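Here is what each chain is made of, one letter per residue.
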Amino acid sequence: MNEEIDEYDIYHQDFTTVSEWEVFIARLEEVINEWHLSKSKLVKRSSDYTKKWITKSEEIKFHGIVFTLTYHMLETIKAEDGTEYSSEESLLSELQKGIWESTSNFMEDVDGSPFPVSNWFGLKRYLMLCSDGPLVDGSIIKLVMSSVNIAFGNVDCGVPLFVKIREHWQQVYLGIYEDNDYKTSFDTIHLKRISNQCSHLSGLVSLFKSKIASPVALDAVLITAKFCYELKDSDTYAWKQRTNSNEFLSIDGFDVKKLIELPFGAEKNPIQSACLNAIWPQFRESAIVDSSTFSDIDPIMAPTWTITLKLRNNIHCQLSEIINKLMTLLDEKNLLMDVLGLSKSLGLVNPLHKITEAPITISKLVKAAMGQSMSTMEFKGPITDDLLMPLLYYVFPDAVENSAFIYPQQLDVESKQNGSNESKLCSYIKTSPEDGLVWRLSVTAIRLLDAGGLPYLAHFWYEFVQELQYRWEHKILVPGVAEGPPNARTCLLHQKLQLLNCCIKRVSQGSSSFGGNSSEDEFFDCSESEGGEEQPPWDRPVGRLNRLGNETLKNGAPLYVPRTQDPAPKTEDQLEEDAELMLRLGDDAKASELRARMMSASLLSDMEAFKAANPGAELCDFVHWYSPRDWKPDDGGSLGDRMLLPGNPWVEAWNVARPVPAARQRRLFDEAREAEQVLHFLRSRSIGAVSELLLPAVLKAGSLKAMEQGALGNSSNVGGVDKRRTFEIASRELYEAEKEACRAICVRKILGSSAEGKPLDVAGRTRVLNAMGGVLPSPIRREFTLRVKDAVAPQVMRAALSTDMFLIGAFTERTVCL
């Protein structure tokens, strides 16, 4: 009996070892505490919410499964006041209020949350634990739910917590919320087959009452029902539009308006089906009988009908299709005149062939084109004169008397940018004035491309350039173009035509009025002596216009305003060429001088004219006249702080400027050379380049057409992408807008004054019922919402019956007996 027992022979169990299950629970508690979701730390929130959900997430591993715990919170409009909840009752009442109010929604409604539980149960915030793969093992599901219950209780969590189980597509969730006195369970059941008990309303009411812990008074259950019917035979009332682009080819006395009107919408029925919802907003369980043997539910007598439309996946939209035809030409490198066989007669050479040929100047090309003018006069294109002349008179209405297509007097490219909706669709596309020359040209060209193919487009472009050549030679302004120098906010084709008009105006007014030598002259060398007399430069001023008030130079001499040249207008492609050339110049002194002249040719010209008019002047004197804000009156005049910064280009330009009056300077703008360059630019474009010139106006015209037909403006945010990518984005955006407009047109056709998804008026119900022959098909889905407020809390169950059965419920029970 006194035998000693060796304590090491006794089995020992180490109760301090932490299991994986405990680690999982501890991690859940840790994350919930980090997010301050315990009842003691949860703060009050505003009652006003936006539609944006804020999400936090954290990964947790358990049994080799990766779980993601996410917190979803609906953003408030007002900032949180930072005060804590005074009691758990306010949290519970907020939850119960949301559950009860959610019964006005249906299961298919969405609120923007990643998971549907927020809409099902009216939640403004919740936790979701979701595995990376399907969670179908029953034992694992029980273990996870027990872990969630333990962690929820340990941290006293104030937010409902859900676990996603089964296959992800099944949308099955189990959830809990608990406080000291009550526990709310959120359950979901998804079965492939509908059980006999749940196939009718009476069975669902019995099931609902059995799930409620407290007794329910007779006829206390409130019910909402929705029956969905798919109306597939929608051709009888769908909107359709038939447009034949080739009609004008065989019609005598062709009307231009038929061709220039852009086609729009779906030629075939865009509706795949219409979903009719017969809704009973609220009734008591005894009001309608629906059992396995008898049902008096009549959808025609339902208080509310709504209709939603389902469009086909691939809708062939007419406007988008003709735009895509033009888009497919962007990669074509051949000259457009090659299509007509006119490249050689016009003296044009494909840029790809110039690599192996001797250099050729623009003047030679123009002379070659002029030399072949007799042969091109005999050219006959694929477009007949009966069709061509009305089109040309539409684009150039001033060529015929009493034209019905006179351009608007005010051609403002920004005219449509102030509208509330009109500027939203494809607003990033640089275009031209609405109904201006570029607008009409582009719309007509794309319609001809759609009707007659590339030869029609090439012929019309050729005739367009020939008309521009004629107007340049006869000093006739191009109509339908905004006045002034090239506007960088417009498309390139419009800028080119603005530049051509500038050239025509200069020639019409006479070059002598603008001063300057021809482009072939060299710069005037002021170092050469005149008459062999050595006279101080201030004794021979040249090119004065008038004196600038009583202002004086720094040396005390009067300050005279010089005669200057107008700045040379440039299009965006010319500015890009100048910028590219400056990058290639180098860093030596000669390159610096050339760069200064290129960067500020107009400034340099004004400096030289100022020096000629004011001998002995300094840079501060020039700044005094040219930019008074950068001049200080101290000590007879000095430069402002901005002018004293290192590397100031004004200083470099002043140093290289020589006293040359404007009349003896090389012209900043040679109208003859610029005009011939514009004409050659347009005449020598490739197929893809012409498409690029026409697309901006076509896209904008299409966007206005879409919004006229009911599409909503919702422009993309485009920046930092090339033209090709911009066109692709705009084309896709326009296609989506055209589909939306098709939907809007169909809605107006079917619903009349009623809105999609809103209750139909009596006329709308009659129209739909007549289209279906007075009889509705069998419902494809039945949904019931059952709710009651018992002595404990709101109890809610939803049932969706289709080919399968989906049940969800929120049931609350008291955990403490009174």
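Before reading further, recall that the structure is shown in the block above.
What you see is a predicted model; the values in this text were computed from it and never measured.

A.B. asks: Hey, could you run me through the sheet that holds strand 8 (residues 271-284) in this one?
C.D. replies: Sheets are built from strands that pair by backbone hydrogen bonding, the pairs being arranged parallel or antiparallel. Across the sheet, 12 strands lie side by side as 1-2-3-4-5-6-16-15-14-7-8-9; this open sheet has mixed pairing. The open sheet has two edge strands with one neighbour each: strand 1 (49-62) and strand 9 (304-311). Pairwise comparison of adjacent strand axes, ignoring direction, gives a mean angle of 15° for this sheet.

A.B. asks: Got a minute to help me understand the packing of aromatic side chains in this structure?
C.D. replies: Aromatic ring pairs: the centre-centre distance and the angle between the two ring planes describe each pair. Enumeration over the complete set of coordinates arrives at 27 aromatic pairs. Their ring planes at 70° and their centres at 6.0 Å tell us that Trp120 and Tyr173 sit as a pair that is edge-to-face. Taken together, the residues Trp120 in helix 3 (residues 117-121) and Tyr173 in strand 5 (residues 172-178) connect sequence positions 53 residues apart. Grouping residues by exposure puts Trp120 and Tyr173 together as buried. When the centroid spacing of 6.1 Å and the interplanar angle of 45° are considered together, the rings of Phe208 and Phe811 count as tilted. With Phe208 in helix 5 (residues 201-211) and Phe811 in strand 16 (residues 805-814), the pair connects residues that are 603 residues apart, well separated along the chain. The class of Phe811 is buried, set by a relative accessible area of 9%. Linked through ring pairs, Trp53, Phe115, Trp120, Phe121, Tyr126, Phe162, Tyr173, Phe186 and Phe806 together constitute an aromatic cluster.

A.B. asks: What exactly am I supposed to notice about the pattern of salt bridges here?
C.D. replies: Once their charged atoms are close, side chains differing in charge can pair, the charge on each being opposite to the other. Following the criterion strictly, the structure yields 23 salt bridges and no others. Within this structure, Asp331, Arg724, Arg725 and Glu728 form a network of salt bridges that share partners.

A.B. asks: Just to check I follow, could you spell out the nonpolar core for this structure?
C.D. replies: In terms of nonpolar packing, the biggest core is built from 88 residues, with Trp461, Phe464 and Leu682 touching the most fellow members. Leave out the neighbours within four places in its chain, and Leu682 touches Trp461, Phe464, Val465, Leu468, Leu493, Leu497 and Leu693. Counting residues in hydrophobic clusters, the runner-up holds 59 residues, among them Ile25, Leu92, Leu127 and Ala793.

A.B. asks: How do you make sense of the side chain of Asp606 when you look at a structure like this?
C.D. replies: Checked against the element boundaries, Asp606 lands in helix 16 (residues 601-613). For the buried Asp606, which has no salt bridge, the nearest side chain bearing the opposite charge is Arg506, at an N-O separation of 11 Å. Aside from chain neighbours lying at most four places away, what touches Asp606 is Thr564, Gln565, Phe622, Trp625 and Tyr626.

A.B. asks: What should I look at first to understand the packing of helix 11 (residues 437-452) against helix 12 (residues 454-473) in this one?
C.D. replies: Packed helix pairs are characterised by how far apart their axes lie and by the angle those axes make with each other. It is at 6 Å that the axes of helix 11 and helix 12 come closest, and there the two elements cross at 150°. As the angle between them shows, helix 11 and helix 12 are arranged roughly antiparallel. Contact with helix 11, carried on its side by Leu437, Leu441, Thr444, Ala445, Leu448, Leu449 and Gly452, involves Leu454, Pro455, Tyr456, Leu457, Phe460, Trp461 and Phe464 of helix 12 and no other residues of that element. A class-by-class count of the residues in the contact of helix 11 with helix 12 yields 12 nonpolar, 2 polar and no charged.

A.B. asks: What am I meant to see in helix 1 (residues 20-34) here?
C.D. replies: Because the α-helix completes a turn every 3.6 residues, residues three or four places apart line up on one side. When the terminal C-alpha atoms of helix 1 are compared, their 21 Å separation across 15 residues agrees well with the 21 Å that a helix rising 1.5 Å per residue should span. Those residues of helix 1 lying buried are Phe24, Ile25, Leu28, Glu29, Val31 and Ile32. The buried residues of helix 1 all sit within an arc of 165° when viewed along its axis, so they share a single face. Those residues of helix 1 that are buried lie in contact with strand 1, strand 2 (65-76), strand 3 (125-131), helix 4 (138-155) and strand 4 (161-165). The first or second residue beyond helix 1 is His36, which carries a positive phi of 55°.

A.B. asks: Honestly, unusual backbone geometry in this entry has me stumped. Any pointers?
C.D. replies: Most peptide bonds are trans, and most residues other than glycine sit at a negative phi. The phi dihedral of His36 is positive, around 55°, even though this residue is not glycine. Along the polypeptide, His36 turns up in the loop between helix 1 and strand 1. Under the relative-accessibility criterion, His36 is labelled partly exposed at 46%. Non-glycine residue Lys475 carries a positive phi angle of around 55°. With respect to the helices, strands and loops of the structure, Lys475 is situated in the loop between helix 12 and helix 13 (492-509).

Conventions used here
Residues numbered from 1 in each chain as written. Predicted model: local features only at pLDDT ≥ 70, side-chain atom pairs only at ≥ 80, totals over all residues. Heavy atoms only, no water. Pairing = 2+ DSSP bridges. Helix = DSSP H or I, 4+ residues; strand = E, 2+ residues; numbered from the N terminus. Axes fitted to C-alpha atoms, helices over the stretch in contact; angles between N-to-C directions. Phe/Tyr/Trp six-rings, centres within 6.5 Å; stacked < 30°, edge-to-face > 60°. Buried < 20%, exposed > 50% of the residue type's maximum accessible area, 1.4 Å probe, protein only. Salt bridge = Lys/Arg side-chain N within 4 Å of Asp/Glu carboxyl O. Core = buried A, V, L, I, M, F, W, Y, C linked by side-chain atoms within 4.5 Å. Contact = heavy atoms within 4.5 Å. Lys, Arg positive; Asp, Glu negative; His and termini not counted. Parallel < 35°, antiparallel > 145°, perpendicular 65-115°, else oblique. Nonpolar A, V, L, I, M, F, W, Y, C, P; charged D, E, K, R; others polar. Expected span 1.5 Å × (residues − 1). Arc of directions from axis to C-beta.

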